[in-house]
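Report on the structure
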Amino acid sequence: MRTHRWGWMLALVIAGCIPETQLQPRPDARSLAGDPSAAVAEAQGVRLVADGASWKGHPSNLERRLTPVELRVENHSGRRLNIRYTFFDLLGESRFQYAALSPLRMDEANDARPSCVASYRPGYWRLGVSWGYQSAWRPSAPWRRAWWPSPFYDPFYDPYYGPPPYVRCEEPLPTQDMLDRALPEGTLENGGTISGFLYFQGVGERERQVVLQARLVDATTDEPFGQLTIPFQVHR
C-alpha cells in the first residue's frame, strides 16, 4: 500500500515538473523581419505567418499542456480559401503528426484534461514519534526542524514523515481566453486576412524539431491547390 502511495505522489511531482514548450524558427526558416520568434511561408498567392512563442493569455502555463501557435493567413490567391483545423498539423522528426485541436472538442484530448500537481506547504514540519500515531502539524521553528529521532520512524518508508502534501489541479481546457483567441474556421475571401491561435497536441516530450504544415484548399471546389511549410525547433 505504501509503495502505491509513494508511486502516485512521485507521478504527480513529475507531472508538475513538465517544462513549458515553445517553437522557435529553425535557421533554414524564413524569419519575419523584426520578430525573431515568427516565420513566414508563401505559395500560390497565400502568405502564412506563424509564431510558436507568443501565447500570453490564460492559462499562463498552457505551453506545458499543449503547443499553441499563432497564425496569420493572407489570401491573395484569386480564390476563396477554406480554413479548417484539419488542414493544419505539426510533423515531428519521429514522423508523428500532431493535430490541431478544435477548441470546442478539447475535452476529448488527454493533454487538455485537468492535471494535478503534488506540492508541499512551505513553513510546516511534522514531529515524528515512535508510538504509532500521527502527531499534529505545527509551524516550523528552529527546535522543530527535524523528525523525532527513533529507530522505528524512517522517513523513507513512513507515509507520515515530512511536511503535509496537497494536490493542486489546473482548470480544464479550453479557457475563455483560448476560445476568444482561436483561429476562426470558415471561408477567407480573396484579399482577406485572418489570424488567431491553433492549439496542437503537446510536442515537447517527443520532438526536438517539427514542421508546421498547412494545406491550401479552394472553398468553392474543395480541391487542394498547394501546401505551406515552416520548420521549427522545439525549445523547453
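So, here is what we can say about the structure in this document.

Criteria and thresholds
Residues numbered from 1 in each chain as written. Predicted model: local features only at pLDDT ≥ 70, side-chain atom pairs only at ≥ 80, totals over all residues. Heavy atoms only, no water. 1 Å grid on protein atoms, 1.4 Å probe; cavity = no way out; pocket = protein on both sides within 12 Å on 5 of 7 lines; lining within 4 Å. Points joined across faces, edges and corners; volume = space filled by probe spheres on them. Helix = DSSP H or I, 4+ residues; strand = E, 2+ residues; numbered from the N terminus. Nonpolar A, V, L, I, M, F, W, Y, C, P; charged D, E, K, R; others polar. Buried < 20%, exposed > 50% of the residue type's maximum accessible area, 1.4 Å probe, protein only. Pairing = 2+ DSSP bridges. Salt bridge = Lys/Arg side-chain N within 4 Å of Asp/Glu carboxyl O.

Here we come to empty space enclosed by the protein. Applying the stated criterion across every chain yields a total of one cavity of 30 Å³ or more. Each pocket or cavity is described by its volume, and for the largest cavity that value is around 70 Å³. Where the lining of the largest cavity is concerned, the elements lending two or more residues are strand 4 (46–51), strand 6 (81–83) and strand 15 (209–217). Residues that form the lining of the largest cavity fall into these classes: nine nonpolar, one polar and one charged.

A separate point is unusual backbone geometry. Backbone geometry follows two general trends: most residues other than glycine have a negative phi, and most peptide bonds adopt the trans configuration. With an omega of 5 degrees, the peptide bond running from H58 to P59 counts as cis. The peptide bond linking L173 to P174 adopts the cis configuration, its omega dihedral lying at 5 degrees. With respect to the helices and strands, P174 occurs in the loop between strand 12 (165–169) and helix 2 (176–181). The phi dihedral of Q44 falls on the positive side, at around 55 degrees, and the residue is not glycine. Considering the arrangement of structural elements, one finds Q44 in the loop between strand 3 (35–43) and strand 4. The backbone phi angle of D222 is positive, close to 65 degrees, even though this residue is not glycine. Relative to the helices and strands, D222 is located in the loop between strand 15 and strand 16 (224–235). Its relative accessible area of 55% is what places D222 among the exposed residues.

Attention shifts here to the pairing of strand 5 (residues 66–75). In terms of burial, strand 5 is largely enclosed, as eight of its ten residues are buried. Across six bridges, strand 4 lies against strand 5 in antiparallel orientation. Paired with V49 across the bridge in strand 5 is R72. As defined by bridge partners, strand 5 adjoins strand 14 (residues 193–201) across nine bridges and the pair is classed as antiparallel. The residue bridging T67 from the neighbouring strand is F200, located in strand 14.

Another aspect to go through is the sheet that holds strand 8 (residues 97–101). Spatial ordering of the open sheet is given by 1-16-15-7-8-14-5-4-3-2, a layout of ten strands whose pairing is antiparallel. Looking at the sheet topology across the chains shown, the edges are occupied by strand 1 (22–25) and strand 2 (31–32).

Across all of its chains, the model carries nine salt bridges by this definition. Among the ionic pairs, E42 bridges to R30, the shortest N-O distance being 3.0 Å. Of this pair, E42 sits in strand 3 while R30 sits in the loop between strand 1 and strand 2, and the two are twelve residues apart along the sequence. Notably, a salt bridge pairs R181 with D177, separated by 3.1 Å at the nearest N-O pair. In this pair, R181 and D177 both sit in helix 2, four residues apart, roughly one turn of the helix. It is possible to trace a salt-bridge network through shared partners that takes in R30, E42, R47, R72 and E74.

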